[in-house]
Structure formats: structure tokens, C-alpha cells
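Observations on the three-dimensional arrangement
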Amino acid sequence: MEFDQIREADTAVANAMEGELSRQQETFSLIASENYVSEAVLAGQGSPLTNKYAEGYPGERYYAGCEYVDEIEQLAIDRATELWGADHVNVQPHSGTQANMAVYLAVLEPGDKILSLDLNHGGHLSHGHHVNFAGQLFEVEHYEVDADTGYLDYESIHEHAERFEPDIIVSGFSAYPREVEWERIQEAADAVDAYHLADIAHITGLVAAGVHESPVGVADFATGSTHKTIRAGRGGIIMCDEEYADDIDSAVFPGSQGGPLAHNIAGKAVGFGEALTPAFQSYAEQVVANAKALGDVLTDKGLSLVSGGTDTHLLLVDLRESHPDVTGSDAEDALADANLILNANTVPGETRSAFDPSGVRIGTPGITTRGFDEAATRELGELIYEVIDNVDDDSVIESVRSRVEELSREYPLYE
Ligand SMILES: Cc1ncc(COP(=O)(O)O)c(C=O)c1O
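Residues numbered from 1 in each chain as written. Predicted model: local features only at pLDDT ≥ 70, side-chain atom pairs only at ≥ 80, totals over all residues. Heavy atoms only, no water.

The name given to the protein in an unreviewed UniProt entry is Serine hydroxymethyltransferase, with Halalkaliarchaeum desulfuricum as the source organism. Heading Catalytic activity (unreviewed entry) of the UniProt record for the protein holds this comment: "(6R)-5,10-methylene-5,6,7,8-tetrahydrofolate + glycine + H2O = (6S)-5,6,7,8-tetrahydrofolate + L-serine". (UniProt positions renumbered as here; feature names shortened; annotations may be inferred.)

Quick word on the sheet that holds strand 4 (residues 88–90)
In space, the seven strands of this open sheet follow the order 4-10-9-8-7-5-6, with mixed pairing throughout. Taken across any chain shown, the strands that pair with only one partner, and hence form the sheet edges, are strand 4 and strand 6 (139–143). The average undirected angle you get between the axes of adjacent strands in this sheet is 20 degrees. In this sheet, strand 9 (residues 221–225) lies alongside strand 8 (residues 195–199) in parallel orientation, the contact comprising three bridges. Note on strand 9: the bridge partner recorded for Ala198 is Ala222. Along the sheet, helix 7 (residues 154–164) makes contact with strand 5 (113–117), strand 6 and strand 7 (168–171), crossing strand 6 at roughly 155 degrees. (Pairing = 2+ DSSP bridges. Helix = DSSP H or I, 4+ residues; strand = E, 2+ residues; numbered from the N terminus. Axes fitted to C-alpha atoms, helices over the stretch in contact; angles between N-to-C directions. Contact = heavy atoms within 4.5 Å.)

What about the site of the ligand?
Close contacts around the ligand come from Ser95, Gly96, Thr97, His124, Phe173, Ser174, Asp199, Ala201, His202, Ser225, His227 and Lys228, and that covers them all. In the environment of the ligand, an oxygen atom lies 2.8 Å from a nitrogen or oxygen atom belonging to the side chain of Thr97. Protein contacts shield 84% of the accessible area of the ligand, which totals 390 Å² for the unbound molecule. By residue class, the composition of the shell around the ligand is two nonpolar, eight polar and two charged. (Near = heavy atom within 4 Å. Polar contact = N/O pair within 3.5 Å; in protein donor to acceptor, adjacent residues only side chain to side chain. Areas by Shrake-Rupley, 256 points an atom, 1.4 Å probe, with all protein chains shown as cover. Nonpolar A, V, L, I, M, F, W, Y, C, P; charged D, E, K, R; others polar.)

Some thoughts on the UniProt feature "binding site: (6S)-5,6,7,8-tetrahydrofolate" (unreviewed entry) in the protein
As annotated by UniProt and renumbered to match this structure, "binding site: (6S)-5,6,7,8-tetrahydrofolate" (unreviewed entry) occupies Leu119, Gly123, His124, Leu125, Glu242, Ser353, Ala354 and Phe355. The greatest C-alpha distance among the residues just named is 42.7 Å, and with 237 residues of sequence between them they are spread in space as well. Within the secondary structure layout, Ala354 lies in the loop between strand 14 (343–345) and strand 15 (359–363). Mapped onto the secondary structure, Phe355 falls in the loop between strand 14 and strand 15.

A look at the packing of aromatic side chains
Counted according to the given criterion, the structure contains twelve aromatic pairs. The interplanar angle of 55 degrees and the centroid separation of 6.2 Å between the aromatic rings of Tyr104 and Phe133 together place this pair among those described as tilted. Taken together, the positions of Tyr104 in helix 5 (residues 96–107) and Phe133 in helix 6 (residues 133–137) put the pair 29 residues apart, joining distant regions of the chain. Each member of the pair Tyr104 and Phe133 is classed as buried. Aromatic side chains Tyr195 and Tyr244 sit 6.1 Å apart centroid to centroid with 75 degrees between the ring planes, which places their arrangement in the edge-to-face category. Note that Tyr195 is positioned in strand 8 and Tyr244 in the loop between strand 10 (236–240) and helix 10 (245–256), a separation of 49 residues in sequence. By relative accessible area, Tyr244 is classed as buried at 11%. (Phe/Tyr/Trp six-rings, centres within 6.5 Å; stacked < 30°, edge-to-face > 60°. Buried < 20%, exposed > 50% of the residue type's maximum accessible area, 1.4 Å probe, protein only.)

Considerations on the side chain of Arg61
If you trace the backbone, Arg61 turns up in strand 3 (residues 60–61). Given the relative accessible area of 15%, Arg61 is considered buried. Looking at Arg61, its side chain comes within polar contact range of the main-chain oxygen of Gly56, at 3.0 Å. Here the side chain of Arg61 touches Tyr57 through a polar contact of 3.5 Å, landing on its backbone oxygen.

Structure follows, in C-alpha cells:
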């Protein structure tokens, strides 16, 4: 991968881009919300489509010259429809957060009530945190996972809904390792006549491949990111029944966005096409198999996993019992020094702060893209443990780093 054209025009940007490429090649991303897209998706995103204004939707644009953009957006829509089986799909949201914003705009009024999972228990800022527009415009209450098991407590969600009478219940999470029973949340929404938004940002790919139960056709709306477990480039997506199609489309454009990012939509079209192949099915299965293998190794070593394990692409490690003197940030920093990139994360019942929480979140989408199977993942698990157990020992970190460097050459990226 060359940056010659950029270098000719702008050395400073070219240098930084080359640095980032090397960083990605020499490290492994274990950030649960990250992945590596194909070079075809990259080419779609870095294309002349960035020049085109196309406010509106295929066949109904406010600008001339949209015939090819129409074709591409329609391909993205058709492929998404096939992947997730929704009646209606909008592929224009610039991000998962924008997708959620459009759903709120479509069905809520300022001051309406949102019931969603607490951020410290695995929720997301856009589900109503006070620093986010959703927390500022709406009245928000949060449900929590069960303090003992780490699992969602569907009965308490139901009770909370009866008490709070929300206008919308948000499900779908940033750091919840277990399969979600969408029907049970739908029952809580039905009981109080609330909408149900299932935000599958993290598990879009797992749902598309059928390795996680789908909320499409159960919840009123499903939103997602297109760059986490599905490798279609940075962006968002909304799926809904036909009855909400017009409201959702108007809430995206003109309600909350201007011209769509046609180049990103080209990336989505290409990535969705890739996800329709049998290879993607095997990929998604391997993502989960690797997460389980990693969970087994870390548990055997004595680390405590929230909910005791995983059904998905991510693990949430609670360090408080096994390593009371190691915070999530200590672990994140030491692992980064060993070229293993993940993020510190709050855990249910968090006793520290969001800036220096008690856990780390580990995801397998990226390493699986790079070819890891369970055996390779188990070795990586041993290395992760070595570092967590020796965060202050430079020689241990150095020796893990040199093994990671070897592995990064064995499992290359963008050769
Ligand atoms: C559950 C959930 N929703 C929404 C988002 C936001 O996605 P984006 O970063 O594309 O805005 C995330 C991001 O991690 C997420 O985990």
C-alpha cells in the first residue's frame, strides 16, 4: 500500500498515514469495536464519489448527475436487505450514533422518555448519557445487568418499564458479552406501548451471519455500525418495518444529515457484498469461537470475566479480584507497549472512574480477520495474561512484544 500521491502533495499527512499503516500492521487490534476492511472497501471509500452531492434517495435526488450514486446506494440497500432481512433499510447514516439520532427524531419529541442500559453496565453514550444529545433532549432512566450474574435481567427491565413508562426502550450494547433475547425486551416494550430500538452496532456482522439472534422483525427499529463485526467501512445503518420507512428516511435526510457520504456508501455496498459470501459466514463463526477460546484461557489463568464468558465477539475482564492493584488503564497501557491494543472499560458495579476503570474489553473481530483460529487465539490469550500479570515488568512486556511482532508477520495486514 503506497501513499505516493499524497506524499507528492502533502508530506506531513503522508508521513502520518504511513505511520498509522505500520502501526496497524505491527500491532493487533483487540478493540471490540474495530476491524480491518478489505482493500476493495478501502478503494470504495477513497474514491471520486466523495465529490458528489446527492441529497435525497435513489431516484429522488435534489441534484443532477446522480445516476451512478443511485446505482451504488441501491446496491448497498439491496445487499443490506438480503443480509438482515429488513423490510426497509437506510444506508445513509454517517455513524451508529447518527443512526440512533435519526430513530429518536423519527418517533420522539423533546422531553420524551428513554429506558436504556447504564453505560457502566455496557450501554452506549447515544442511549441517553447526559454528555450526549440524547441525555440532554430526553428524560432517561437506565436498567442494569444483574449484579451477580452479569446477565441482563429481563424481569427487572419489564418492571422498570412499568414504573417509568418510557416512550422507547433501547436494547443493544457496547460491552455486553452475552446473547440478547430481543423478544423479552419487546415484551417489556409492548406492555407499556413503547417503541423498541435494538442497537446492534457491535453485532451487525454476527446477526447478518446468523450466529446471533436477530432483532429485525422483532424490534421496531434496528440500528448498527458498519465497521465492527461487519467489514463495510465506517458508517451507520437503520433497519425498520415498511410502516416507519418514510419517517426514518426523513429523519436521516433532511432531519439530521445533509448530503450522504457517497464514497462511504460505496464502501458499504462492497463490504455488504463480501458479507453475502460463504467466507463471511465462516468468519463470523470463527470470531465467536475465538472469543470463547480466549475466554477459556483467561479464566483458566484466574481472571474473572463478566457473566463468566461470552456468546459473542467480546469479553469483559473484571480485574478487581485477580489483580486488585492493576486498573483497566494500567492493563491497557502495558498491553499497548506489547503491541496489543485494547481498551480499558467500566464493569458492572464499577468502583473506579470511567477514565481509569476496573476492567478491559477484548474483542476478536480484528484478529479473526487476520486469520487467527482458536489455537493462535489461545496463544494470544497467554500473552495477554503475561502482560496483565506483569504490568510493571519491562522485560516481560519486551518479550511479549517481540512474539507479537513475529505473529504480526505471520498474520499480515495489507501486504
Ligand atoms: C451500542 C453502540 N451504539 C452506537 C455506537 C456508535 O457508533 P459510531 O461510533 O459509529 O457512532 C457504538 C460504538 O461503539 C455502540 O457500541
